[in-house]
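Listed below, chain by chain, are the residues.
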Amino acid sequence: MAALHYEAALDSISVSDIEALGISPSSALKLYEDISEIINTHGPSSPQTWTLLSKRILHPLLPFSFHQMMYYGCFKDFGPDPPAWSPDPEAAMLTNVGQLLERRGKEFLGSTYKDPISSFSHFQEFSVSNPEVYWKTILDEMSISFSVPPQSILSENTDRESSLANPGGQWLPGAYVNPAKTCLTLNCKRNLDDVVIRWRDEGNDDMPVSSLTLEELRSEVWLVAYALNALGLDTGSAIAIDMPMNVESVIIYLAIVLAGHVVVSIADSFAPPEISARLKISEAKAIFTQDLIIRGDKSIPLYSRVVHAQAPMAIVIPTKGCSFSMNLRDGDISWHDFLEKATDLRGDEFAAVEQPVEAFTNILFSSGTTGEPKAIPWTHLTPFKAAADAWCHMDIRKGDIVAWPTNLGWMMGPWLVYASLLNGASIALYNGSPLGSGFAKFVQDARVTMLGVIPSIVRVWKSANSTSGYDWSAIRCFASTGEASSVDEYLWLMGRAQYKPIIEYCGGTEIGGGFVSGSLLQPQSLAAFSTPAMGCSLFILGDDGHPIPQNVPGMGELALGPLMFGASSTLLNADHYNVYFKGMPLWNGKILRRHGDVFERTSRGYYHAHGRADDTMNLGGIKVSSVEIERVCNAVDSNVLETAAIGVPPPQGGPEQLVIAVVLKDSDDSTVDLDKLRISFNSAVQKKLNPLFRISHVVPFSSLPRTATNKVMRRFLRQQLSQQDQNSKL
């Protein structure tokens, strides 16, 4: 829990304390009386007290400092992980998982089943121990159908050679499917006149929200698929998308998959070298792009970046009307001319290309923007993992309107498409910056029910008060991913929508979704995860590299159970086994899957993320990021090019020693006094970070070992330095 802003317990807060926050005397008196009534009934510090305060008293027009006073006052003596939101038993029964458990809970869990809230964690464990039953059930709940049904849900590899090649087993063996077709198929959740996309362009903030029905979406996707066929590309060709996430790019995405091709995801913020690297790795045969990106009064060139990247044939969409602000390369075609290739077929249903579930549907890339990024293929299975997470954890269902500012270049773009459409919900897209009041108004006007965020966006909204005056009461829940969140910022966010829960969600491109999450059937604590994702098992590795007992508090590198529905089993430009499994410990005879984050399991059973394992060390019981130390050391001496801070266990055992690997600008300079440099580093680190930190050695390197995405391989350095006889070498 963050440091307390208000030391006062609720029952010691006076009317004048409330007035001091800028609240009028009459309003302060009324608030005091309402608070006293709740305290008299439920006490000053119970989760029930906070639930009533947040539902009955707190609203967005009150100063946020008053929200903080109530939250921190209520939970002053609670300890770690206070519940900022608790599930209501009646509402829990109406969630996707709640309804399923009420129908089949006793079948799944036997006589131990009580109700959706108290039995949720048992159901999560059931999803791991009974994957056949669990995943068949969830695919049925989402109305997923296959042109050729699978022979089974999971075929585990029993022989050593197969299990080494793919420890994750084979999911849905023998099945043929097309996830884009499934997105467009009529079923019990969907009618042709259902609105499936809502959107607004920045600058048109006073215009009605635009919309597209399922019937209209199907027609547009079929047309683009026919036009793709007219290009004469082989089935399974890689076709890139480098565009903002708007209606056209979603239509194009679905059409590429429907026509049996593979989407290559490229973020619209990338410079030409980054675009070029992704096009070469994926061997893309064509690329969809726009001439410009319009943001406010700025026009940002996009097509010219694609040209500089020496892209293959580009299909270019004009941002303004039907005319371009530049000439197209020979061989490139306009969006209008592209669609003309299939104009006679408009309205005709396109026969989806059904493929084996292990065939690729999307090539995404690790987030590194220098060097060669890691190319991660999504199969035809991965979309169902994304949609299942949304069904289970965010409770997305028919009638929901789902917004999440993102891009098809990152995994949350495709995730949003599948999580919405496969669950009968509507996608809400704002074509512009999500940082200002225009986006906040769109959330109100589109009646968004599930709003996904990243913490840095929330930080801007809070500092600029961008949401002020807008009604977000339609929101049922928030979701957050991408980076570590802050208690105060997320308390503020909850307060914009009458304290609806925030589902923290952490996973990765190679997972196709999350491995740890929150749930509407569990109390949610700010900046914390309440459960492993359904179907996933988590392990925290102890100092000996082996898992600590499950459900025991602890902190260490996170590892995942290998059997994860939808997770990657191959990489285009790296050895998948070496990256994710080599050197990992066994658990019950199965090798665990590396993830690389440091996680903490708390005494109340919540999880907290603490950054990458390679970037974190424990110095005298204090966890510290390598990056923080390196930032200080890099500025100490003008001859220092770069540093890497490594925690190295001494040969005789004991606490980690802090070693600085240093690369000098003049690596041939043998006159550098390393001991003097160590003293300078020590002085700066102790002054700027922590007086208890002490650098034991400085080791010169000609260059630092790096990954394909240019990240320093601290794990490799740690192994190298640990193996050396430090007394003689250092």
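The model shown is predicted, which means the values in this text are computed figures rather than measured ones.

S.K.: Would you explain the packing of aromatic side chains in this entry?
M.R.: Each pair of aromatic rings is reported with the distance of its centres and the angle of its planes. Counting across every chain of the model gives 32 aromatic pairs. When the ring of Phe-75 is compared with that of Phe-78, the centres are 5.3 Å apart and the planes differ by 75°; the resulting orientation is edge-to-face. An aromatic cluster is built from Phe-108, Phe-123, Phe-126, Tyr-134, Trp-135, Trp-171 and Phe-565, whose rings are joined through pairwise contacts. The ring of Phe-365 carries Arg-278 above its face, with NZ or CZ at 5.4 Å from the centroid. One Lys or Arg, Arg-593, reaches over the ring of Tyr-580 and ends 4.5 Å from the middle of that ring.

S.K.: I tried to follow the side chain of Asp-291 on my own but got confused; where do I start?
M.R.: Residue position: Asp-291 is located in the loop between strand E9 (286-290) and strand E10 (292-295). Residue Asp-291 is classed as buried on the basis of its relative accessible area, which comes to 2%. Looking at Asp-291, its side chain comes within polar contact range of the side chain of Thr-319, at 2.6 Å. In contact with Asp-291, not counting residues within four places along its chain, are Ile-300, Pro-301, Leu-302, Tyr-303, Val-316, Ile-317, Pro-318, Thr-319, Ser-323, Phe-324, Ser-325 and Met-326.

S.K.: Is there a simple way to think about the confidence of the model for the protein chain in this case?
M.R.: Detailed reading of the predicted coordinates is not advisable wherever pLDDT is low. Summing up the model confidence of the protein chain, the mean pLDDT is 91 and the portion of residues at 70 or higher is 94%. Residue range residues 1-5 is modelled with pLDDT below 50. Its contacts to residues more than four positions away, or to other chains, number 13 contacts. Within the model, the stretch residues 725-730 combines pLDDT values under 50 with 11 contacts to residues more than four positions away or in other chains.

S.K.: I tried to follow the packing of helix H7 (residues 120-129) against helix H8 (residues 131-141) on my own but got confused; where do I start?
M.R.: The geometry of a pair of packed helices is captured by two quantities: the angle between their axes and the separation between those axes. At a minimum axis separation of 5 Å, H7 and H8 run at an interaxial angle of 105°. Between H7 and H8, the angle falls in the class roughly perpendicular. In contact with Phe-123, Phe-126, Ser-127, Val-128 and Ser-129 of H7, H8 contributes Pro-131, Val-133 and Tyr-134. Along the lines of polarity and charge, the residues of the contact of H7 with H8 split into 6 nonpolar, 2 polar and no charged.

How each quantity is defined
- Residues numbered from 1 in each chain as written.
- Predicted model: local features only at pLDDT ≥ 70, side-chain atom pairs only at ≥ 80, totals over all residues.
- Heavy atoms only, no water.
- Phe/Tyr/Trp six-rings, centres within 6.5 Å; stacked < 30°, edge-to-face > 60°.
- Lys NZ or Arg CZ within 6 Å of the ring centre and 35° of its normal.
- Helix = DSSP H or I, 4+ residues; strand = E, 2+ residues; numbered from the N terminus.
- Buried < 20%, exposed > 50% of the residue type's maximum accessible area, 1.4 Å probe, protein only.
- Polar contact = N/O pair within 3.5 Å; in protein donor to acceptor, adjacent residues only side chain to side chain.
- Contact = heavy atoms within 4.5 Å.
- pLDDT = per-residue confidence, 0-100.
- Axes fitted to C-alpha atoms, helices over the stretch in contact; angles between N-to-C directions.
- Parallel < 35°, antiparallel > 145°, perpendicular 65-115°, else oblique.
- Nonpolar A, V, L, I, M, F, W, Y, C, P; charged D, E, K, R; others polar.

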